[in-house]
Amino acid sequence: TGVLKPMTEKAHRKVVEMHLEMTKDYADIDTAMKIRKEVLKDIPVPKQRNKAVQLGLLKDIEYPDIVLLFCNAKAADVLSRAYTYRAGEPIRGFGSIGGCNVTIQYPFTVNKPFFTYSDVAWRKFTRMADDELTMSFPLNCLAQAVEDLPLVADHYEHYAEGMDV
């Protein structure tokens, strides 16, 4: 997330081994390391170094770098359409993995929104409901999406009205 140096392969392996002691997400350690390597190919290491990560409610942080939203699939669909309405690009996401490296580091380094239905650790520690997923937005991207949200949401709710579908 730009606070710590990237972990060495050996240190990363220790963290994954600890995780596998709590849950059986992967067949073995090599499979777990393989998926982490694949995901990290798409997530650049932050160029800037930071001293800390501040977490809090949106109302309490004046200019956050990243805004995390926990929502159901329909709300995510409407919000992603509000973003793509002006941006003209889809929101990327990952399955089977979630947490800090994808929900915080990806949007922070790439400056683009992101979504995931996460992994068991992220879901458990954030106390997500069964029907929730996580969306992460750089503040500037969220502000643009929110500006277009009323129009997009109205069109969404009235999609195909009057048609026999």
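## Section: the environment of S80
Mapped onto the secondary structure, S80 falls in helix α3 (residues 73-87). Given the relative accessible area of 18%, S80 is considered buried. Distance in space between the C-alpha atoms of S80 and P90 is 7.5 Å, their sequence separation being 10 residues. Contact partners of S80, with chain neighbours within four places excluded, come to I91 and M135.

## Let's talk about a nonpolar patch on the surface
A contiguous nonpolar patch, built from M7, V15, M18 and M22 and spanning about 400 Å² of accessible area, is present on the exposed surface. Its place among the elements puts V15 in helix α1 (residues 9-22). Taking relative accessible area as the criterion, V15 reaches 37% and is therefore assigned partly exposed.

## Re the sheet that holds strand β1 (residues 66-72)
Taken together, the four strands give an open sheet; going across it, the order is β1-β4-β3-β2, and neighbouring strands pair in mixed fashion. Strands with a single pairing partner mark the edges of an open sheet, and in this sheet they are β1 and β2 (92-95). With direction set aside, neighbouring strand axes in the sheet form an average angle of 20 degrees. As paired strands, β1 and strand β4 (residues 132-138) are joined by seven bridges and run antiparallel to one another. What sits directly across from N72, in β4, is E132. Its contacts with the sheet place helix α6 (residues 139-157) against β1 and β4, and it is angled at close to 105 degrees to β4.

Rules behind the numbers
- Residues numbered from 1 in each chain as written.
- Predicted model: local features only at pLDDT ≥ 70, side-chain atom pairs only at ≥ 80, totals over all residues.
- Heavy atoms only, no water.
- Helix = DSSP H or I, 4+ residues; strand = E, 2+ residues; numbered from the N terminus.
- Buried < 20%, exposed > 50% of the residue type's maximum accessible area, 1.4 Å probe, protein only.
- Contact = heavy atoms within 4.5 Å.
- Patch = residues over 30% accessible without salt bridge, like charges linked within 9 Å, V, L, I, M, F, W, Y side chains within 5 Å.
- Areas by Shrake-Rupley, 256 points an atom, 1.4 Å probe, with all protein chains shown as cover.
- Salt bridge = Lys/Arg side-chain N within 4 Å of Asp/Glu carboxyl O.
- Pairing = 2+ DSSP bridges.
- Axes fitted to C-alpha atoms, helices over the stretch in contact; angles between N-to-C directions.

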